[in-house]
Amino acid sequence: MRRRAPLDGPEPEAAWDGARLGALLVVAAVLVVALTAVLTLSTPGTAYVWYENMISDLGDGECRVRGGRWICSPGHRVFNTGIALAGVLLLAAGACLWGRWGRVLAGGVVVMGAGLVATGVFPAGNRAGLHLAAVVLALVVPALGFLASGIRPGTPWLRRRRGARVVLASTALLFAAVSRLPGGVVPAGAGELVIVGAMLLALLLEAGCLLLREPRAQEVSR
């Protein structure tokens, strides 16, 4: 009986455990985002039209018309706190996944985490400029990281699922570009939902594969 080498090369047990922890943190961050959205949207008095309102509108502390949209989110503190917490989890996840996902993709996750923290700290209604910069960090930069990792994998692990990362990242970047075009080609709210959905799916795909893969210790051939 001999041990079969993993497809992606030698992998120290400590590094594998760190990668699994990072994957768990990614999943936890996505769950926090989902739970935060559900809690905020279920708060009585919340005004949100999925194809019109931006997700960040849920973090605005005032009821008013802004950018042609009616905004009112009594649960804005829950939203901002939850988004910032998800950002902290992604910051830690990126650090744990550095060896497995490489500096481009894991670095993109770290930047995404920092952007989410800044998004929660600087709501759109209070600091528009800082909030926009935070959103770019949270969505555009990690999308570029996923795209780059698909085109040119930086680690053996990233040689897998290259097509899925390229498609999801390209979708997010395409809708991010279209959202800046005049004339409302795609409703702003709907476009942002596509961007966020693509990025969360990309994160879950990579994290899920890490968690579902059998440990090295069980990889044997008879």
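Predicted model, so just to flag it, every value in this text is computed and none were measured.

Enquirer: How should I be thinking about the overall build of the chain in this particular structure?
Expert: What the chain contains, in helices and strands, is 6 helices and 4 strands. Going from N to C terminus, the chain has its helices and strands arranged as β-α-β-β-α-α-α-α-α-β. Taking all 222 residues of the chain together, the buried fraction comes to 45%. Contacts in the chain between residues at least 24 apart in sequence constitute 67% of all its contacts with a sequence separation of at least 6.

Enquirer: I tried to follow the environment of Thr 36 on my own but got confused; where do I start?
Expert: Secondary-structure assignment places Thr 36 in helix H1 (residues 13-41). Take Thr 36: its relative accessible area is 5%, and that puts it in the buried class. The spacing of Thr 36 and Ile 83 is 47 residues in sequence and 7.3 Å in space, taken between C-alpha atoms. The residues contacting Thr 36, other than those within four sequence positions of it, are Val 78, Phe 79, Gly 82 and Ile 83.

Enquirer: Got a minute to help me understand unusual backbone geometry in this structure?
Expert: Negative phi values dominate among residues other than glycine, just as trans dominates among peptide bonds. We note that Arg 161 has phi near 55°; this positive angle belongs to a residue other than glycine. Along the chain, Arg 161 turns up in the loop between helix H4 (128-151) and helix H5 (162-178).

Enquirer: Teacher, can you tell me more about the side chain of Thr 46 here?
Expert: Here Thr 46 lies in the loop between H1 and strand S2 (64-66). Side-chain polar atoms of Thr 46 contact the backbone oxygen of Thr 40, separated by 3.1 Å. A polar side-chain atom of Thr 46 sits 2.8 Å from the main-chain carbonyl oxygen of Thr 43. Sequence-distant contacts of Thr 46, defined by excluding residues within four places in its chain, comprise Thr 40, Leu 41, Leu 58, Cys 72 and Pro 74.

Enquirer: What am I meant to see in the side chain of Asn 53 here?
Expert: Along the chain, Asn 53 turns up in the loop between H1 and S2. Taking the relative accessible area as the measure of exposure, Asn 53 reaches 1% and is therefore buried. Side chain to side chain, Asn 53 and Asp 57 meet in a polar contact 3.0 Å long. Apart from the residues lying within four places of it in its own chain, the contact partners of Asn 53 are Ala 47, Tyr 48, Arg 69, Trp 70, Ile 71 and Gly 189.

Enquirer: What am I meant to see in the confidence of the model for the chain here?
Expert: Atom-level detail of predicted coordinates should not be read off regions where pLDDT is low. Per-chain confidence: the chain averages 87 in pLDDT, with 88% of residues scoring 70 or above. Model confidence for the chain, summarised as mean pLDDT per element, is weakest for strand S4 (residues 220-221) at 33 and strongest for helix H2 (residues 76-96) at 97. Taken together, the stretch residues 1-10 has pLDDT below 50 and engages in 19 contacts with residues farther than four places along the chain or on a different chain.

Enquirer: Please explain the layout of surface pockets as it appears in this structure.
Expert: Rolled over the atoms, a probe as big as a water molecule pinpoints where empty space is left. One number sums up the size of the largest pocket: a volume of about 730 Å³. What lines the largest pocket is a set of 27 residues, among which Met 54, Leu 132, Val 135, Arg 180 and Glu 192 lie closest to the centre. Counting residues per element, the ones that place at least two in the lining of the largest pocket are H4, H5 and helix H6 (188-212). Split by residue class, the lining of the largest pocket holds 16 nonpolar, 5 polar and 6 charged. Its volume calculated, the second largest pocket comes out at about 470 Å³. Looking at the second largest pocket, it is lined by 25 residues, and the ones nearest its centre are Val 33, Ile 55, Phe 79, Ile 83 and Val 196. Counting residues per element, the lining of the second largest pocket draws most heavily on H1, which supplies 6 residues.

Quick notes on the rules
- All residue numbers refer to position in the chain's written sequence, counted from 1.
- Local features in this predicted model are restricted to residues whose pLDDT is 70 or higher, and side-chain atom pairs enter the listing and the counts only when it is 80 or higher, whereas totals over whole chains, interfaces and linings include all residues.
- Here the side-chain values reflect all heavy atoms present in the structure, with hydrogen atoms and water set aside.
- Comment: elements are numbered from the N terminus, with helices defined as DSSP H or I runs of at least four residues and strands as E runs of at least two.
- We call a residue buried when its accessible area falls under 20% of the maximum for its residue type, exposed when it is over 50%, and partly exposed in between, using a 1.4 Å probe and counting protein chains only.
- We call two residues in contact when some of their heavy atoms are within 4.5 Å.
- Polar contact is defined as a pair of N or O atoms within 3.5 Å, subject to the rule that within protein one atom must be able to donate a hydrogen and the other to accept it, and that residues adjacent in sequence are counted only when both atoms are side-chain atoms.
- The predictor attaches a confidence to each residue, called pLDDT, with possible values from 0 through 100.
- Space inside and on the surface of the protein is sampled on a 1 Å grid over the protein atoms alone, with a cavity defined as a set of points where a 1.4 Å probe fits but cannot get out and a pocket as an open set with protein on both sides within 12 Å along at least 5 of 7 lines; lining residues have an atom within 4 Å of a point.
- Grid points are joined across faces, edges and corners, and a volume is the space filled by probe spheres set on the points.
- Under the grouping applied here, Gly and all other residues not named as nonpolar or charged are polar, the nonpolar ones being Ala, Val, Leu, Ile, Met, Phe, Trp, Tyr, Cys and Pro and the charged ones Asp, Glu, Lys and Arg.

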